[in-house]
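# A structural walkthrough
Letter by letter, the chains look like this.
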Amino acid sequence: MSETNSTYSAFIPQVWSQKLNQMLEKNCVMLQCVNKNWEGDIKNQGDTVKIITPAEVAVSTLTSDNIEYSSLTPISQDLVIDQKKFFAFKIDDVAQVQANADIMEAHLTNAKKAIEIVQDSYLLGLHTDVTEENTVGEEASPIALDKTTIYEHFVKLALALKNSNAVHAGVRPWVVINPDIEAFLLQSPEFISAYKVADETLREGAIGRIAGMDVLVSTNLVDVDSKYYVLAGTNEAITFASQLAKIESLRDKDSFSDLVRGLYLYGAKTVQPKALAKMIVSAA
């Protein structure tokens, strides 16, 4: 069988790439919570995105005709694209009788799910960048949530963001929980379900709102040493850049099969740590 007649010969790499990138944009939980302000063309692992943050400007009281000018030094940070992931699979020719758009869609969906798992886990791991002032609970004594106390702890989480001046006009905070915490939250009378939020806009996939924060659920928020690190913040905190650098199909020289592989590059940086907060919760 010639390569042009193989099962995946109609799956042009550019089409695969465009389709998968569109799918990744839609449903990944943590991509709802970051910004892509500095995302450029990323083609190779190790590429760096330069981030320039303006310096703070001081305001003084005018007491004379002399005005002193302060020197401002913008902060330069590097967002390094240091995460390199790939997927690769083989399809036997017996599948060619079903070779149509549905097969491509199914395999792209599975690739998307696999990428989202590692990507969400990576972004949720940035809880290590949260300052001590914005941390609710302690490593030695994590908070034990239940339906009667969950609201007061989420209020403390939201308050930490407000006290660090992360919440201002036009900026709405978010919080990411997992299904175990969601079970308590749904029993809290203070929780506002998505269908009760009225005309306000929630992030895509948000289940509702608590203490002024959009609530998103991710199964990738897993326990670490019997603790959950519930992450909250605004989209100004973390900047993210990614690129499906390459996707291709080729003929397996050793079998009657087609090989499909893709390379996905990404990186993230906490550019405003004060715009992040976390709650340390017991997983017991």
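Read on for an overview of the structure.

Thresholds, definitions, all that
Residues numbered from 1 in each chain as written. Predicted model: local features only at pLDDT ≥ 70, side-chain atom pairs only at ≥ 80, totals over all residues. Heavy atoms only, no water. Phe/Tyr/Trp six-rings, centres within 6.5 Å; stacked < 30°, edge-to-face > 60°. Buried < 20%, exposed > 50% of the residue type's maximum accessible area, 1.4 Å probe, protein only. Helix = DSSP H or I, 4+ residues; strand = E, 2+ residues; numbered from the N terminus. Salt bridge = Lys/Arg side-chain N within 4 Å of Asp/Glu carboxyl O. Pairing = 2+ DSSP bridges. Contact = heavy atoms within 4.5 Å. Axes fitted to C-alpha atoms, helices over the stretch in contact; angles between N-to-C directions. Patch = residues over 30% accessible without salt bridge, like charges linked within 9 Å, V, L, I, M, F, W, Y side chains within 5 Å. Areas by Shrake-Rupley, 256 points an atom, 1.4 Å probe, with all protein chains shown as cover.

Tallied over the entire structure, the rule returns four aromatic pairs. Ring centres of phenylalanine 87 and phenylalanine 89 lie 6.3 Å apart, and the angle between their planes is 15°; this geometry places the pair in the stacked category. Using a relative accessible area of 22% as the deciding quantity, one classes phenylalanine 89 as partly exposed. Each ring, one from phenylalanine 240 and one from tyrosine 266, has its centre 6.0 Å from the other, and the planes form 35°; the classification is tilted. Note that phenylalanine 240 is positioned in strand E10 (residues 238-251) and tyrosine 266 in strand E11 (residues 257-270), a separation of 26 residues in sequence. As far as the burial class goes, phenylalanine 240 and tyrosine 266 line up, both buried. Through pairs of rings, three or more aromatic residues link up here, namely Tyr122, Phe240, Tyr264 and Tyr266.

On to the pattern of salt bridges. A complete count under the given rule lists eight salt bridges for this structure. A salt bridge links glutamate 139 to lysine 227; the nearest nitrogen and oxygen atoms lie 3.8 Å apart. Placement of the pair is glutamate 139 in the loop between strand E4 (135-136) and helix H3 (150-163) and lysine 227 in strand E9 (residues 227-233), with a sequence separation of 88 residues. Residue glutamate 139 is classed as partly exposed on the basis of its relative accessible area, which comes to 44%. A single network of salt bridges, built from pairs that share partners, joins Arg172, Arg209 and Asp214.

So, on to the sheet that holds strand E12 (residues 276-282). The sheet built from seven strands is open, its strands ordered E4-E12-E9-E5-E8-E7-E6 with mixed pairing. Every other strand in the sheet has two partners, leaving E4 and strand E6 (192-193) as the edge strands with one partner each. Here strand E7 (residues 208-210) runs beside strand E8 (residues 213-217); their pairing, made up of three bridges, is antiparallel. Its bridge partner being in E8, isoleucine 210 is matched across the sheet by methionine 213. The sheet strands contacting H3 are E4, strand E5 (174-177), E7, E8, E9 and E12, and the helix crosses E12 at an angle near 155°.

Okay, a nonpolar patch on the surface next. Together, Leu62, Ile67 and Tyr69 line one region of the surface with nonpolar side chains, adding up to about 430 Å² of accessible area. Secondary-structure assignment places isoleucine 67 in the loop between strand E1 (48-53) and strand E2 (75-80). Judged by its relative accessible area of 55%, isoleucine 67 falls in the exposed class.

One open sheet holds the three strands; their spatial order is E3-E11-E10, and the pairing between them is antiparallel. Unpaired on one side and paired on the other, strand E3 (83-92) and E10 mark the two borders of the sheet. Ignoring strand direction, the axes of neighbouring strands in this sheet form an average angle of 15°. For E3 and E11, the ladder comprises ten bridges, and the chain directions are antiparallel. When the bridges of E11 are listed, isoleucine 91 appears paired with aspartate 258.

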